[in-house]
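Tertiary structure, described
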Number of protein chains: 2
Amino acid sequence: MISLIGIGVDEGNISFNALKAIKDADVIIKDVNFKPSAFMFDYIMVKEVIGDDLGDNTSKIELAVSASREGKNIAFLSADYSNVHLSNLLINVSSKFKDVELKIYPAISSVDFAASILGAPFDDYAVIKLNNPLSPLSEIENKLETTAKSNLVLALYSPVGVVDEDIEFERFNLFKDIFKNIRGDTTLVAVVNSDADFKIIQLADLNEDMVQEDSLLVVGNSMTHLTEGYMVTGCEYLLENPFMQSSREFYEKYMNGESPRGIDEECEFLPCHEILETCDYCYCPFYPCADNLTGGVWIKEKNVWSCMACDWVHRKEVVEFIRPRIDSILNEVDDVKNKHEELLKIRRECLLNVKLE
Amino acid sequence: MISLIGIGVDEGNISFNALKAIKDADVIIKDVNFKPSAFMFDYIMVKEVIGDDLGDNTSKIELAVSASREGKNIAFLSADYSNVHLSNLLINVSSKFKDVELKIYPAISSVDFAASILGAPFDDYAVIKLNNPLSPLSEIENKLETTAKSNLVLALYSPVGVVDEDIEFERFNLFKDIFKNIRGDTTLVAVVNSDADFKIIQLADLNEDMVQEDSLLVVGNSMTHLTEGYMVTGCEYLLENPFMQSSREFYEKYMNGESPRGIDEECEFLPCHEILETCDYCYCPFYPCADNLTGGVWIKEKNVWSCMACDWVHRKEVVEFIRPRIDSILNEVDDVKNKHEELLKIRRECLLNVKLE
């Protein structure tokens, strides 16, 4: 029996099941990157540890398979990524024999750990190992290009390669070029280093000095923004949406085709916003969006969502995008309140598609 | 202080750090999907539990924020995906106040847990929530199409939607169509249900009866195959590659342009393979690839990798693809041995690009 045990980023993140498997083992083998902490030593030092003289994981796995075939119960301890590369190697080697029983214990991956430090960077996401010597450059290039176009958040590990102690930046620069080109210079990127130390910058400011072999990059999508220092993707906190009387009156006119198109020159409140290109949605159909992304803010003292600093819904390009979509779902005035969630989807779709200067 | 704590698929997968945070809390709030096990009850029942009467996580998070502002230490227990949706909601709500301290404890995600059951399905991969009401259909369609083209392995959760107790298959069928079209009918798909029960089938055989709201699908890429019942992606186990004398002699002729092109009609060993279109690589340049994918097998008794059942390197399309690439890296005969890893990359690239009948 071989238990492949992912330890995760530190001993406090090990699971009970994994620890139990270590306790039950006769023999311990550590992968080449695994450095036991003081905590782990207590569990390991009472066991037989073998294979410390072997310099590569292939030899260590072969040793595990052969010890298992002698009837021993092995705990193979893996630093972090047991789920991807080591499990693959283990299955490939052990599948050559009929009598090797395997069990894989996953760890909290460094990707999930990084996400918990950064805040909430993930919506849908991709995980790519950039400097994987077994991934041909053409394959990596295709993965980067399609992922950039997908609007998935990207967790990119092994951002630089190391060959004979020289650092290789070829794939790192390829990644930067592709993402700058497709997602743009202002894309948010978090650089997380192994000691849980991180910084969040724009892609344009990312350079070779900032990354190490074991850095993890988290690359935001078009919905990723900073909220109080956290990296957050998506923002659909559904606040109560009271339908104010003045807003209701506006939408009654809107449904009758009597609301303004373009600038309402006679309005007593002009100028109401710093940028005002059109008054079509004098009352925002998405209120309250609770999303700081377009400039809205929560006024803590008044316990109210304020759109004062948001010009977004008064921009022509935005109105051109949202108007036909909104009109296709509004059948009666109350839909402005009752279809709030559908309206927020239109808002999000617009944010994804209409890029303003 | 609010600790958002992902519990993961079951209590045996909880981390020490998470358990410590639960012990340290004054008050427990459980997300709407969280059902404590007997194990968790021991920790929870000695605490004050609030918010059980609230039916949505937004209200529960608001309760957590308000309890925290009263000075309480809250453990907010989340079933599984704390890292994505709940952390987002928590940051959005708490960011409206200056005085709320947060800490997020990741769980072993159900994606990583599923991978550990299936074997080693991941190389590079994407994680997508299909029936996310906040993702517009157009965005999901783009994500599916780009991911299908990317050759990333895909973990797809929420494969079907449930609206008013009716199951919605619209996005599920969209996913199937896109992936069938781009990756093909024979793409391997694992359907993992919440009880860790799974089956691995071909995409063509995936149908509506097999999936539930909480199923997780793992969709393989062009390198994904079955090995002894495990789902495995990638296969680069680097065996010792002895350079046999007969192979060396063949490659000496090859380097001098004296080796056969096409079928060597005069060879005494004909017919040597069931399918033989060309003898250009009578001795496989990738030997031993240790990859069952193209038909090679490990002969346990003889402790040797056998290519007898592999016709792959004798197919014309394969040779057309690999020959110029191999010639560009072979400068001397010994490169066949010394550049084994580079040769295996060419092999993998060919598998990705040349699809045989």
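Please refer to the structure placed before this passage.
Figured I'd write up the structure that's included with this text. (Residues numbered from 1 in each chain as written. Chains lettered and ligands numbered in written order. Predicted model: local features only at pLDDT ≥ 70, side-chain atom pairs only at ≥ 80, totals over all residues. Heavy atoms only, no water.)

To continue, consider the packing of helix H9 (residues 316-329) of chain A against helix H11 (residues 340-353) of chain A. Helix-helix packing is described using two parameters, namely the angle between the two axes and the distance between the axes. Residues and elements named next belong to chain A. Between H9 and H11, whose axes approach to 10 Å, the crossing angle comes to 155 degrees. Looking at the two axes, H9 sits roughly antiparallel to H11. Here the hand of the crossing between H9 and H11 comes out right-handed. On the side of H9, the interface is formed by Val318, Phe321, Ile322, Arg325, Ile326 and Ile329, while H11 contributes Glu342, Leu343, Ile346, Glu349, Cys350 and Asn353. Its residues assigned to classes, the contact of H9 with H11 comprises 8 nonpolar, 1 polar and 3 charged. (Axes fitted to C-alpha atoms, helices over the stretch in contact; angles between N-to-C directions. Helix = DSSP H or I, 4+ residues; strand = E, 2+ residues; numbered from the N terminus. Parallel < 35°, antiparallel > 145°, perpendicular 65-115°, else oblique. Left-handed = near helix turned anticlockwise from the far one by under 90°. Contact = heavy atoms within 4.5 Å. Nonpolar A, V, L, I, M, F, W, Y, C, P; charged D, E, K, R; others polar.)

We now examine the environment of alanine 67 of chain B. Residue and element names in this part refer to chain B. Considering the arrangement of structural elements, one finds alanine 67 in helix H3 (residues 57-69). Put simply, alanine 67 and valine 9 are 58 residues apart on the chain and 28 Å apart in space, counted from C-alpha to C-alpha. Ignoring anything within four residues of it in the chain, the contact list for alanine 67 reads Ile50, Lys72 and Ile74.

What follows deals with the relation of the copies chain A and chain B. Least-squares fitting of chain A to chain B yields an RMSD of 0.1 Å, with the superposition described by an axial translation of 0.0 Å and a rotation of 180 degrees. In symmetry terms, the pair is related by a two-fold rotation axis. Interface residue correspondence from chain A to chain B reaches 99%, placing this contact among same-surface, isologous pairings. (Least-squares fit on C-alpha atoms with pLDDT ≥ 70 in both.)

Turning to the pairing of strand S2 (residues 27-30) of chain B, a few remarks are in order. Along any regular strand, the residues point their side chains to alternate faces of the sheet. Residues and elements named next belong to chain B. Burial along S2 is two-sided: Val27 and Ile29 facing one way and Ile28 and Lys30 facing the other are all buried. Looking at chain direction, S2 and strand S3 (residues 48-49) are connected through 2 bridges and run parallel. Of the residues in S3, the one forming a bridge with isoleucine 28 is valine 49. Looking at chain direction, S2 and strand S4 (residues 74-78) are connected through 4 bridges and run parallel. Within the sheet, the bridge partner assigned to valine 27 lies in S4 and is isoleucine 74. (Buried < 20%, exposed > 50% of the residue type's maximum accessible area, 1.4 Å probe, protein only. Pairing = 2+ DSSP bridges.)

Another aspect to go through is a negative patch on the surface. All names here are of chain A. A cluster of acidic side chains, namely Glu165, Asp166, Glu168 and Glu170, defines a negative patch on the protein surface. Note on placement: glutamate 165 falls in the loop between strand S9 (161-163) and strand S10 (166-168). The exposed category is assigned to glutamate 165, whose relative accessible area is 75%. (Patch = residues over 30% accessible without salt bridge, like charges linked within 9 Å, V, L, I, M, F, W, Y side chains within 5 Å. Areas by Shrake-Rupley, 256 points an atom, 1.4 Å probe, with all protein chains shown as cover. Salt bridge = Lys/Arg side-chain N within 4 Å of Asp/Glu carboxyl O. Lys, Arg positive; Asp, Glu negative; His and termini not counted. Charge placed at Lys NZ, Arg CZ, Asp CG, Glu CD.)

Right, let's get into the interface of chain A and chain B. Counting residues at the interface gives 78 residues for chain A, matched by 78 residues for chain B. Overall, the association of chain A and chain B removes approximately 7,100 Å² of surface from exposure, summing both partners, and the carbon and sulfur fraction of that is 56%. Our enumeration of links across chain A and chain B arrives at 4 salt bridges. The salt bridge involving lysine 143 of chain B is made with aspartate 124 of chain A; its shortest N-O contact spans 3.0 Å. Broken down by class, the residue content of the side of chain A that touches chain B amounts to 35 nonpolar, 25 polar and 18 charged. (Buried area = accessible area lost by both parts, 1.4 Å probe.)

So, on to the nonpolar core. The biggest cluster of nonpolar side chains holds 49 residues, and the ones touching the most others in it are Phe175 and Leu206 of chain A together with Phe175 and Leu206 of chain B. Once you skip the residues sitting within four places of it in the chain, phenylalanine 175 of chain A turns out to touch Leu130, Leu144, Leu154, Leu156, Leu203, Leu206, Leu217 and Val219 of chain A. (Core = buried A, V, L, I, M, F, W, Y, C linked by side-chain atoms within 4.5 Å.)

Glancing now at the packing of aromatic side chains. Taken as a whole, this structure holds 21 aromatic pairs over all chains when the rule is applied. Measuring from ring centre to ring centre gives 5.2 Å for phenylalanine 175 of chain B and phenylalanine 179 of chain B, while their planes differ by 50 degrees; the resulting arrangement is tilted. Of this pair, phenylalanine 175 of chain B and phenylalanine 179 of chain B both sit in helix H7 (residues 170-183), 4 residues apart, roughly one helical turn. Overall, phenylalanine 175 of chain B belongs to the buried group, its relative accessible area being 0%. Here the aromatic residues Phe250, Tyr251, Tyr254, Tyr281 and Tyr283 of chain A are joined through ring pairs into a cluster of three or more. (Phe/Tyr/Trp six-rings, centres within 6.5 Å; stacked < 30°, edge-to-face > 60°.)

Residues and elements named next belong to chain A. The interhelical angle for the contact between helix H6 (residues 137-150) and helix H7 (residues 170-183), taken along N-to-C directions, is 30 degrees, at an axis separation of 9 Å. In terms of orientation, H6 and H7 fall into the roughly parallel class. The interaxial crossing formed by H6 with H7 has right-handed handedness. In contact with Leu137, Ile140, Glu141, Leu144, Glu145, Thr147, Ala148, Lys149 and Ser150 of H6, H7 contributes Glu170, Arg171, Leu174, Phe175, Ile178, Phe179, Ile182 and Arg183. In terms of residue class, the contact of H6 with H7 is built from 9 nonpolar, 2 polar and 6 charged.

Another point: the sheet that holds strand S13 (residues 216-219) of chain A. Here we have 10 strands laid out as an open sheet, ordered S12(A)-S11(A)-S13(A)-S8(A)-S7(A)-S7(B)-S8(B)-S13(B)-S11(B)-S12(B), and mixed in their pairing. In the strand order of this sheet, the two ends are held by strand S12 (198-202) of chain A together with strand S12 (198-202) of chain B, each with one partner. Pairs of neighbouring strands in the sheet enclose a mean axial angle of 15 degrees, with direction left out of account. Lying over the sheet, H6 of chain A contacts strand S7 (125-129) and strand S8 (153-157) of chain A, oriented at roughly 160 degrees with respect to S7 of chain A.

All names here are of chain B. Of note, aspartate 311 is situated in the loop between strand S17 (304-306) and helix H9 (316-329). Although buried, aspartate 311 forms no salt bridge, and the nearest oppositely charged side chain, arginine 315, lies 5.8 Å from it. Excluding anything up to four places from it in sequence, aspartate 311 contacts His273, Glu274, Ile275 and Thr294.

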